[in-house]
Amino acid sequence: QESRYRAKMAELDIPNINFIESYFSKIQENGELQEDDFIILTKLFEGTFKKALEILDNSEVAKLTASQSKRFYFKVRGNQNNEYVCLPNGLFCTCYSFNKDVMEGSHMYCKHTLAVKLALALKNYSEHEIPDASFSTDYLRVMQEIESGGRESEFRRGIGF
């Protein structure tokens, strides 16, 4: 999945993924968004950045960590209190926009994955520990979602969101 995603980004008029990753590292080093960051991120991600900031401002990003293995993923609350599962690398979200806009190449991130990337850089998320068995079950469903091509509503019903 990751190599297909990176290849798609290379085809499009989207900034180099390495530049984006290094930019998030810079934000992490600073520990906050500087004025220039708002300008640059708005240019890079347009309306998605503003929506991702709203998610962060409302403390809607949660990191779920398996108690023994310490593996983790994120849940992000979106509009109308829907919750979406995002992988930490930003390469998958269970929302419709990810399946449509990101996978088809018109956007680099959906607002949920961008919120996770920002939350990681700024250490702005709540943390919750879950049993390893729950993590494995949920994560397997995420992987099945990726393989099935993103039937987001079926997935959300399947894990009780």
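As a reminder, the structure under discussion sits directly above these lines.
In this report, we go over the structure that sits alongside the text. (Residues numbered from 1 in each chain as written. Predicted model: local features only at pLDDT ≥ 70, side-chain atom pairs only at ≥ 80, totals over all residues. Heavy atoms only, no water.)

This part takes up the sheet that holds strand β4 (residues 126-130). Think of a sheet as strands paired side by side through backbone hydrogen bonds, with each pair either parallel or antiparallel. Taken together, the four strands give an open sheet; going across it, the order is β3-β2-β1-β4, and neighbouring strands pair in mixed fashion. Sheet topology places β3 (83-86) and β4 at the edges, where each strand pairs with a single neighbour. Neighbour-to-neighbour, the strand axes of the sheet open up by a mean angle of 30 degrees, direction not taken into account. The sheet contact formed by strand β2 (residues 72-77) and β3 spans four bridges and is antiparallel. Counted as the bridge partner of arginine 77 is glutamate 83 from β3. (Pairing = 2+ DSSP bridges. Helix = DSSP H or I, 4+ residues; strand = E, 2+ residues; numbered from the N terminus. Axes fitted to C-alpha atoms, helices over the stretch in contact; angles between N-to-C directions.)

Every α-helical turn comprises 3.6 residues, leaving residues that sit three or four positions apart pointing alike. Its 14 residues place the ends of helix α2 (residues 17-30) 20 Å apart at the C-alpha level, agreeing with the 20 Å of an ideal helix rising 1.5 Å per residue. Restricting attention to buried positions, one finds in α2 the residues Ile17, Ile20, Tyr23, Phe24 and Ile27. Taken down its axis, α2 places every buried residue within 120 degrees of arc, on the same side. Residues of α2 that are exposed and point over 90 degrees away from its buried face: Asn18 and Glu29. Just downstream of α2, glycine 31 is the residue with a positive phi angle, here 75 degrees. (Expected span 1.5 Å × (residues − 1). Buried < 20%, exposed > 50% of the residue type's maximum accessible area, 1.4 Å probe, protein only. Arc of directions from axis to C-beta.)

Moving on, we come to helix α3 (residues 35-57). Between its first and last C-alpha atoms α3 spans 17 Å; for 23 residues at 1.5 Å apiece the expected length is 33 Å, and the helix comes up short by more than 12%. Within α3, the axis deviates most sharply at phenylalanine 45, by approximately 120 degrees. The set of residues buried in α3 consists of Asp37, Leu41, Phe45, Thr48, Phe49, Ala52, Leu53, Ile55 and Leu56. On the buried face of α3, the contacting elements are α2, β1 (61-66), β2 and α5 (111-122). Within two residues after α3, serine 59 carries a phi angle of roughly 55 degrees, on the positive side. (Bend = angle between axes of the 7 residues up to and from the residue. Contact = heavy atoms within 4.5 Å.)

Okay, the pairing of β1 next. Within β1, six of the six residues are buried, which leaves it mostly tucked inside the rest of the structure. Across the two faces of β1 the burial is the same, with Val61, Lys63 and Thr65 and Ala62, Leu64 and Ala66 all buried. With five bridges connecting them, β1 and β2 associate as antiparallel partners. Note that in β2 the partner of threonine 65 across the bridge is phenylalanine 72. Counted between consecutive antiparallel strands, the loop separating β1 from β2 contains five residues, among which lysine 70 sits at a positive phi close to 65 degrees.

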